[in-house]
Amino acid sequence: QVQLVESGGGLLQAGGSLRLSCVASGSTFSRNFMDWYRQVPGNQREFVAQISSGGGTTSYANFVKGRFTISRDNAKTTVYLQMSGLKAEDTAVYYCHVRTYGLEYWGQGTQVTVSS
């Protein structure tokens, strides 16, 4: 059983920065790609960013390129999402995600609210 626990969300003004964290347990963290998704109520969950198992390869949704940075610390089994230049449209619940051994796991989410 894999557990993912996100933290770091909050309320801030447009243009601000925030760092989200996701601590993973119960899996071989260092072998898995890790993702961040986000969801606005009434909308589908959407991909934000992904990082490879070793951290050497990252990918981003177009709407966050140049503003968000995904990183990981395998020793701490933690993945981060550094967000800067936040916009009101970034307001959402942000979720950590992993697919391992054919199963998908999600965290409980952390709310990010950006006021304009």
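As shown above, the structure is provided for reference.
My aim in this report is to walk through the structure given alongside it, one point at a time. Small disclaimer: the values here were computed from a predicted structure and weren't measured.

What follows covers the packing of aromatic side chains. The geometry of an aromatic ring pair is captured by two quantities: the separation of the ring centres and the angle between the planes. In total, this model carries three aromatic pairs according to the counting rule given. A centroid spacing of 5.7 Å and a plane angle of 80° characterise the contact between Tyr 37 and Phe 47, whose relative ring orientation is edge-to-face. Of this pair, Tyr 37 sits in strand β4 (residues 34–39) while Phe 47 sits in strand β5 (residues 46–51); the two residues are 10 residues apart in sequence, bridging distant segments of the chain. For Phe 47, a relative accessible area of 27% gives the class partly exposed. Ring geometry for Tyr 37 versus Trp 106: centroids 5.0 Å apart, planes at 75°, classification edge-to-face. Of this pair, Tyr 37 sits in strand β4 while Trp 106 sits in strand β10 (residues 103–106), placing them 69 residues apart in sequence. One Lys or Arg, Arg 45, reaches over the ring of Tyr 95 and ends 3.7 Å from the middle of that ring. Looking at Arg 45, its charged tip hangs above the ring of Trp 106, at a distance of 4.5 Å from the centre.

Another aspect to go through is the pairing of strand β9 (residues 92–100). Where burial is concerned, most of β9 is hidden: eight out of the nine residues are buried. Where β4 meets β9, five bridges bridge the pair, whose relative direction is antiparallel. Bridge pairing in β9 links Tyr 37 to Tyr 95. Of the pairings in the sheet, the one linking β9 to strand β11 (residues 110–115) comprises three bridges and is antiparallel in character. Looking at the pairing, Val 93 lines up with Gln 111 of β11. With four bridges connecting them, β9 and β10 associate as antiparallel partners. Its bridge partner lying in β10, Thr 100 is registered against Leu 103. Between β9 and β10, which pair antiparallel in sequence order, lie two residues; one of them, Tyr 101, sits at a positive phi of approximately 50°.

Cut-off values and rules
Residues numbered from 1 in each chain as written. Predicted model: local features only at pLDDT ≥ 70, side-chain atom pairs only at ≥ 80, totals over all residues. Heavy atoms only, no water. Phe/Tyr/Trp six-rings, centres within 6.5 Å; stacked < 30°, edge-to-face > 60°. Helix = DSSP H or I, 4+ residues; strand = E, 2+ residues; numbered from the N terminus. Buried < 20%, exposed > 50% of the residue type's maximum accessible area, 1.4 Å probe, protein only. Lys NZ or Arg CZ within 6 Å of the ring centre and 35° of its normal. Pairing = 2+ DSSP bridges.

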